[in-house]
Amino acid sequence: MSEDRIPLAGVMGHPVAHSRSPRLHGYWLRRLGLRGHYVPLDVAPGDLRDVLASLPKAGFVGVNVTIPHKESMLEIADLVTDRATLIGAANTLTFQSDGRIRADNTDGYGFLENLRRNAPAWQPEAGPAVVLGAGGAARAVIVALREAGTPEIVVCNRTRGRAEQLRQEFGPRLRVEDWVTAGHAIAEAATVVNTTSLGMVGQPELRVSLDGLHPGTVVNDLVYTPLETRLLRVAREKGCVAVDGLGMLIHQAVPGFERWFGCRPEVDAATREVLL
Ligand code: NAP
């Protein structure tokens, strides 16, 4: 890109108006005094290829992708990172100077970084992790936990077949437990992660038994509206280390911002404030 061209980035989804990413990236751009803009891009699935082909010509250096485009990027991109292939979805595209589109997935990075920052004593290899849910977010979390050395990952999902599918894909370090007996698995866990949408505003409450939670367990809810879910409230009451999902949303944005705008943004309390 020529020196006098202002770099552009954005988030591409359908719908996309709800996305907090423009606020986050806009804040970092202002704070770091960088030239650049980050905009919401509402693109229907049928228009995806055409729009992606034209964005670099308009000065775009990359985009985040969200629902419903995350999976289709694996087909459309020219280069797909191993991580995105494993997860089966991409959330960060970079338009390279050679004209190729590189697709990566930074959700797992965001998940790990959120826990490392907010539960500094967390040791992913210290014991089993329970993952509630088996959707897209669960895949990113499972790939990250595997990489981080978690010895056993117990997956509990309402639809058991989806959890079994993950077990087939990701191998023997995964174990599947019934959704209704998730409470037993939670009692044995060093790490508990809710990757379902339960507990989110407008969704039913997460009702698995939390009686067995014990002090020291690291409990993370990917839900961030509300910030304090029932899971996190009970976890705190029981002396666990409770970490909300907003940090993952912020940290997953860091690698893209750095690639596109050439500067690594700091994640601090002020960054969280911008999103609340
Ligand atoms: P998804 O692929 O649609 O998966 C949804 C999961 O929730 C599935 O496991 C589903 O179980 C389960 N579920 C939904 N309704 C349920 C119910 N009534 N009872 C029991 N289980 C239920 O969605 P996703 O992309 O993985 O996202 C899941 C959540 O993570 C969302 O709330 C999303 O906002 C959040 N998230 C947060 C971040 C972050 O940065 N903090 C990043 C990604 C996602 P079945 O298989 O039985 O349907």
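In this text, all values refer to a predicted model and were calculated from it rather than measured experimentally.

Undergrad: Looking at this structure, how should I read the overall build of the protein chain?
TA: Of the regular secondary structure elements, the protein chain holds 12 helices and 12 strands. The dimensions of the protein chain, computed from C-alpha atoms along their principal axes, are 60 × 40 × 35 Å. Expressed as a percentage of the 276 residues in the protein chain, the buried residues total 51%. When contacts within the protein chain are restricted to residue pairs at least 6 apart in sequence, long-range pairs at least 24 apart make up 65% of them. Put simply, the protein chain shows about 12,500 Å² of open surface, and 50% of that area lies on carbon and sulfur atoms. For the protein chain, the separation between the mean place of its 30 positive charges and that of its 31 negative charges on side chains is 1 Å.

Undergrad: Would you mind going over the layout of surface pockets with me for this structure?
TA: Left-over empty space is what a probe sized like a water molecule reveals as it rolls over the atoms. Estimated volume of the largest pocket: approximately 1,500 Å³. Thr-66, Ile-67, Lys-70, Ala-137 and Tyr-224 are the residues nearest the centre of the largest pocket, which is lined by 44 residues in total. No other element matches the three residues that helix α6 (residues 136–148) contributes to the lining of the largest pocket. If you count residues domain by domain, the lining of the largest pocket takes at least three from each of domain 1 (8–105 + 252–275) and domain 2 (108–244). Here the second largest pocket defines a volume of roughly 190 Å³. Lining the second largest pocket are 10 residues, with Pro-56, Phe-60, Phe-95, Gln-96 and Ser-97 sitting closest to its centre.

Undergrad: What should I look at first to understand the environment of Glu-258 in this one?
TA: If you trace the backbone, Glu-258 turns up in helix α11 (residues 254–261). Beyond its immediate sequence surroundings of up to four residues, Glu-258 is in contact with Cys-263 and Arg-264. Here Arg-264 takes part through its side chain, which lies 2.5 Å from a polar atom of the side chain of Glu-258.

Undergrad: Sorry if this is basic, but what is going on with the domain arrangement of the protein chain here?
TA: Accessible area lost during the coming together of the parts is what is often quoted as the interface size. Taken domain by domain, the protein chain consists of domain 1 (8–105 + 252–275) and domain 2 (108–244). Computed from C-alpha coordinates alone, the two centres of domain 1 and domain 2 are separated by 26 Å. At the junction of the two partners, domain 1 supplies 12 residues and domain 2 supplies 15 residues. Across the domain 1 to domain 2 interface the summed buried area is about 980 Å²; carbon plus sulfur atoms make up 50%. Of all residues in domain 1, the largest losses of buried area upon contact with domain 2 belong to Leu-86, Ile-87 and Arg-272, amounting jointly to 49% of the total for that side. Here domain 1 and domain 2 share one salt bridge between them. Of the charged contacts, one joins Asp-244 and Arg-272 as a salt bridge, the two residues approaching to 2.8 Å between their closest N and O atoms. At the boundary of domain 1 and domain 2, one finds four residue pairs in polar contact (both at pLDDT 80 or more). Elements with a contribution of two residues or more to the side of domain 1 that touches domain 2: α4 (82–87) and α11. Looking at which element gives the most residues to the side of domain 1 that touches domain 2, the answer is α4, with three residues. Of the residues assigned to the side of domain 1 that touches domain 2, the class counts are five nonpolar, three polar and four charged.

Criteria and cut-off values
Residues numbered from 1 in each chain as written. Predicted model: local features only at pLDDT ≥ 70, side-chain atom pairs only at ≥ 80, totals over all residues. Heavy atoms only, no water. Helix = DSSP H or I, 4+ residues; strand = E, 2+ residues; numbered from the N terminus. Buried < 20%, exposed > 50% of the residue type's maximum accessible area, 1.4 Å probe, protein only. Contact = heavy atoms within 4.5 Å. Areas by Shrake-Rupley, 256 points an atom, 1.4 Å probe, with all protein chains shown as cover. Lys, Arg positive; Asp, Glu negative; His and termini not counted. Charge placed at Lys NZ, Arg CZ, Asp CG, Glu CD. 1 Å grid on protein atoms, 1.4 Å probe; cavity = no way out; pocket = protein on both sides within 12 Å on 5 of 7 lines; lining within 4 Å. Points joined across faces, edges and corners; volume = space filled by probe spheres on them. Domains from an automatic or database assignment. Polar contact = N/O pair within 3.5 Å; in protein donor to acceptor, adjacent residues only side chain to side chain. Buried area = accessible area lost by both parts, 1.4 Å probe. Salt bridge = Lys/Arg side-chain N within 4 Å of Asp/Glu carboxyl O. Nonpolar A, V, L, I, M, F, W, Y, C, P; charged D, E, K, R; others polar.

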